[in-house]
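Close look at the chain arrangement
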Amino acid sequence: GINAEYMGKKGREKGESSEGANDGFDPNLHGDKIDVYFKEQNGRGPDHNREQKRKKRSGKWIPRAVMVDLEPGTLDVVTASAVGKAFKPDNFVFGNSGAGNNWAKGHYTEGAEIVEQAIDVVRKEAEGSGHVQGFQIAHSLGGGTGSGLGTLLLLKIRDAYPDRLTKTYSIYPSPKVSDTVVEPYNAILATHQLLENADQTYVIDNEALYSISVNLLKEDHPTYSFLNYMISQTQMGCTASLRFSGQLNGDLRKLGVNLIPFPRLHFFNIAQAPILSPKNSGYTKLFIQELTKQVWSGKQFYSNVPIEDGKF
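Here goes a summary of the coordinates provided. (Residues numbered from 1 in each chain as written. Predicted model: local features only at pLDDT ≥ 70, side-chain atom pairs only at ≥ 80, totals over all residues. Heavy atoms only, no water.)

1. Things to note about the overall build of the protein
For clarity, the threshold we go by: Secondary structure elements are defined from DSSP: runs of H or I of at least 4 residues count as helices, runs of E of at least 2 residues count as strands, and each element is numbered from the N terminus. To sort residues, take the accessible area from a 1.4 Å probe on protein chains only and compare it with the maximum for the residue type: under 20% means buried, over 50% means exposed, and anything in between is partly exposed. Two residues form a contact once any of their heavy atoms are found within 4.5 Å. In these tables, accessible area is a Shrake-Rupley quantity obtained with a 1.4 Å probe, and a residue counts as shielded only by the protein chains included in the view.
Counting secondary structure elements, the protein contains 11 helices and eight strands. Buried residues in the protein amount to 45% of all 312 residues. Sequence separation of at least 24 residues holds for 72% of the intrachain contacts in the protein that already meet a minimum separation of 6. A total of about 16700 Å² of accessible surface is found on the protein, and carbon and sulfur atoms cover 54% of it.

2. A closer look at the pattern of salt bridges
Operational definition: Salt bridges are counted wherever a side-chain nitrogen of Lys or Arg sits within 4 Å of a carboxyl oxygen of Asp or Glu.
Applying the stated criterion to the full structure yields five salt bridges. Its salt-bridge partner being aspartate 120, residue arginine 123 comes within 2.9 Å of it at the nearest N-O pair. Of this pair, arginine 123 and aspartate 120 both sit in helix α5 (residues 103–127), three residues apart, which is roughly one turn of that helix. Taking the relative accessible area as the measure of exposure, aspartate 120 reaches 42% and is therefore partly exposed. Ionic pairing is found between aspartate 163 and arginine 164, a salt bridge with its closest N-O pair at 3.4 Å. By relative accessible area, which is 49% here, aspartate 163 ends up partly exposed.

3. Regarding a nonpolar patch on the surface
The condition that has to hold: Residues form patches when they are more than 30% accessible in relative terms and have no salt bridge. Like charges link within 9 Å. Nonpolar side chains (Val, Leu, Ile, Met, Phe, Trp, Tyr) link within 5 Å.
On the surface, a nonpolar cluster with roughly 420 Å² of combined accessible area is contributed by Val181, Val182, Tyr185 and Leu189. Mapped onto the elements, leucine 189 comes out in helix α7 (residues 183–197).

4. Considering the packing of helix α8 (residues 206–216) against helix α9 (residues 224–243)
Put simply, the test is: Axis angles are defined between N-to-C directions and span 0 to 180 degrees, where every axis is a line fitted to C-alpha atoms and, for a helix, only to the segment in contact. These descriptions rest on fixed angle ranges, namely under 35 degrees for roughly parallel, over 145 for roughly antiparallel, 65 to 115 for roughly perpendicular, and the rest for oblique. Ten residues, namely Ala, Val, Leu, Ile, Met, Phe, Trp, Tyr, Cys and Pro, are considered nonpolar, four, namely Asp, Glu, Lys and Arg, are considered charged, and the remaining ones, Gly among them, are considered polar.
As a packed pair, α8 and α9 sit with axes 10 Å apart at the nearest point and diverge in direction by 95 degrees. When the axes of α8 and α9 are compared, the pair comes out roughly perpendicular. In contact with Asn206, Leu209, Tyr210, Ile212 and Ser213 of α8, α9 contributes Tyr224, Phe226, Leu227, Met230 and Ile231. For the contact of α8 with α9, the residue count by class is eight nonpolar, two polar and no charged.

Set out below in structure tokens:
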């Protein structure tokens with residue numbers, strides 16, 4: 001769901017319709033790096049400078065995304081969503097039994113049965129890219145699939161591409177917003193894997209997202225799709241320098257070099273500013289001092305860390 005929301009948002013940003021057709025894409029306006037996260041159907045390959053002159057181009061852009069789950073239901077929701085038709089059907093990899101909120105099922109038994117199929121799809125996407133800088137995984141650590149199969153996939157990617165960066169958006173469980181009793185176990189087992197095999201991990205927890213939704217955005221009943229929208233906002237911010245050319249010239253490696261003191265300490269606490277409810281957005285003046293104050297206030301952290309402790 002996070003991946004679908006993120007890809008849909010990026011597509012809209014680049015002027016795409018919900019089916020991937022690029023009606024309003026203008027390289028000068030939307031940036032020339034649309035092919036970082038998308039590939040054109042029957043269009044530009046890795047050598048796109050030469051191919052750009054071709055007159056017959058489809059104008060349809062397909063997300064370079066692979067959707068993996070151990071039960072088909074959640075992927076059906078993505079397919080039926082507003083951006084569902086943009087995704088390539090071959091890139092949906094799913095099992096039938098589910099992981100039953102059990103990390104070991106996702107990592108060793110059920111997950112191990114479909115991980116090779118998933119890696120094949122990932123390899124196909126990687127081979128269709130000009131220069132792969134890294135891999136991005138969005139998963140939750142409370143259930144069995146996101147934590148177990150997610151970290152298994154990470155392990156396999158690290159084996160297949162040892163010199164490429166891996167970055168994860170990991171949704172951590174929290175005691176107040178909890179579905180099952182075993183969430184802490186799944187999260188601890190998955191964190192052990194993330195320590196070794198991920199290069200960058202963005203820590204997000206549902207409790208912080210709920211408190212932002214209720215207290216700052218005045219949403220009475222925040223839905224998961226709204227929380228996914230909030231996560232996609234920060235994903236857009238973190239990857240903006242990859243998707244648009246400019247003075248920042250940022251890439252994943254530079255981000256890591258500047259933020260990570262030791263390889264195992266790669267868990268980032270993220271905050272988003274501005275976060276405004278639609279009712280208040282017209283009354284707030286935004287300038288750098290205000291945005292900086294919001295980011296460091298602690299109310300807009302995406303993980304529930306007490307700022308006064310200074311332990312982040």
